[in-house]
Amino acid sequence: MNSLPIGIFDSGVGGLTVLRAVRQRLPRESVVYLGDTARVPYGTKSRATIERYAIEDAAFLVEKGVKMIVVACNTASAMARERLRQEFDVPFLTVLGPGARAAARTTRSGRIGVIATEATIGSGAYERAIHEACGERAVEVFSRACPLFVPLVEEGETDSQVARLLADQYLAPLREQQIDTLVLGCTHYPLLKTVIAETMGEGVTLIDSAEAVAEETAQLLEQHDQLIDQQAGDKQPSPSRFYVTDAAQRFHKIAERILGAPLEHLEAVEVFGHDKL
Ligand code: DGL
């Protein structure tokens, strides 16, 4: 059981920011990654559609024999978390909770910004999760949807003039609110971290939930007695496998840049019609 891989999915390349952190924290675990590149973006779609996509993605990973699933997509986490837990027996970790808890630990002023897709912001899930994580403490949450950030990242345009212009337009209202903490509530956004940090200026801490998710992945596996001992022996993990639903070559190029390493195995697949086993 322990030697089974961890499943990670996202609508596209964004979840690779989570995969990178999981690999760093748990180097002996192997990973199966699914990027639903045929249907990205999820963040502009309805709850019913996002739920259906998330269930098909999870069913695909379950068929690959994963021991747990990290939903490395805030949109799917916000819209489909309950359905996923109802439909499958495998343990799930969603990215939203770890990000909200990290923001609660970080803020000093209690003024927290959240940027995410339209669906995530519209669901109010981050606001709820942050208030829950802050408990009795009074905090204010300022939310902003940044829909064009996802296509920008999927195009590999992470450090361009267009990225700077967009960031300026999207983030200006949050600068005015004098937040001290900004949650990158979409797994694509850490790839724009440099531009976002420059635009927000000093005094604002950016929360990329990837590391917190990697830590909680380790805890969840430990709870289920499924964690591979990261120190023991010198057996190397099986290589990670990457699956996409379209445009494998384009994914290949961007993914290698994000991960800074060659992809061990990449295959184009169909997930449409996959359902609960
Ligand atoms: N990366 C995803 C998220 O964290 C989804 C982006 C999208 O497909 O719109 O929300």
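Residues numbered from 1 in each chain as written. Predicted model: local features only at pLDDT ≥ 70, side-chain atom pairs only at ≥ 80, totals over all residues. Heavy atoms only, no water.

Trainee: Describe the overall build of the chain, with residues and values.
Mentor: Along its length, the chain carries 11 helices and 10 strands. With the C-alpha coordinates of the chain rotated into their principal frame, the extents come out at 50 × 40 × 40 Å. Sorting the 277 residues of the chain into buried and exposed places 57% on the buried side. Excluding contacts between residues fewer than 6 apart, the proportion of contacts in the chain whose partners are at least 24 apart in sequence is 78%. Of the charged side chains in the chain, 29 are positive and 38 negative; the average position of the first set lies 1 Å away from that of the second. (Helix = DSSP H or I, 4+ residues; strand = E, 2+ residues; numbered from the N terminus. Buried < 20%, exposed > 50% of the residue type's maximum accessible area, 1.4 Å probe, protein only. Contact = heavy atoms within 4.5 Å. Lys, Arg positive; Asp, Glu negative; His and termini not counted. Charge placed at Lys NZ, Arg CZ, Asp CG, Glu CD.)

Trainee: For the pattern of salt bridges, give the residues involved together with the corresponding values.
Mentor: Going through the model one piece at a time under the given rule, you end up with 16 salt bridges. For E82, the salt bridge identified is with R81, shortest N-O distance 3.3 Å. Judged by its relative accessible area of 47%, E82 falls in the partly exposed class. Relative accessible area serves as the criterion here: at 34%, R81 is assigned to the partly exposed category. (Salt bridge = Lys/Arg side-chain N within 4 Å of Asp/Glu carboxyl O.)

Trainee: A description of the site of the ligand should follow, citing residues and the corresponding values.
Mentor: With respect to spatial proximity, 14 residues lie near the ligand, and among them S11, Y42, N74, T75 and H188 are the closest. The contact in question runs from an oxygen atom of the ligand to an N or O atom on the backbone of N74, over 2.7 Å. H188 places a side-chain nitrogen or oxygen 2.7 Å from a nitrogen atom of the ligand. When the ligand is considered free in solution it has 300 Å² of accessible area, and contact with the protein chains removes 99% of it. Grouping the amino acids of the shell around the ligand by side-chain chemistry returns six nonpolar, seven polar and one charged. (Near = heavy atom within 4 Å. Polar contact = N/O pair within 3.5 Å; in protein donor to acceptor, adjacent residues only side chain to side chain. Areas by Shrake-Rupley, 256 points an atom, 1.4 Å probe, with all protein chains shown as cover. Nonpolar A, V, L, I, M, F, W, Y, C, P; charged D, E, K, R; others polar.)

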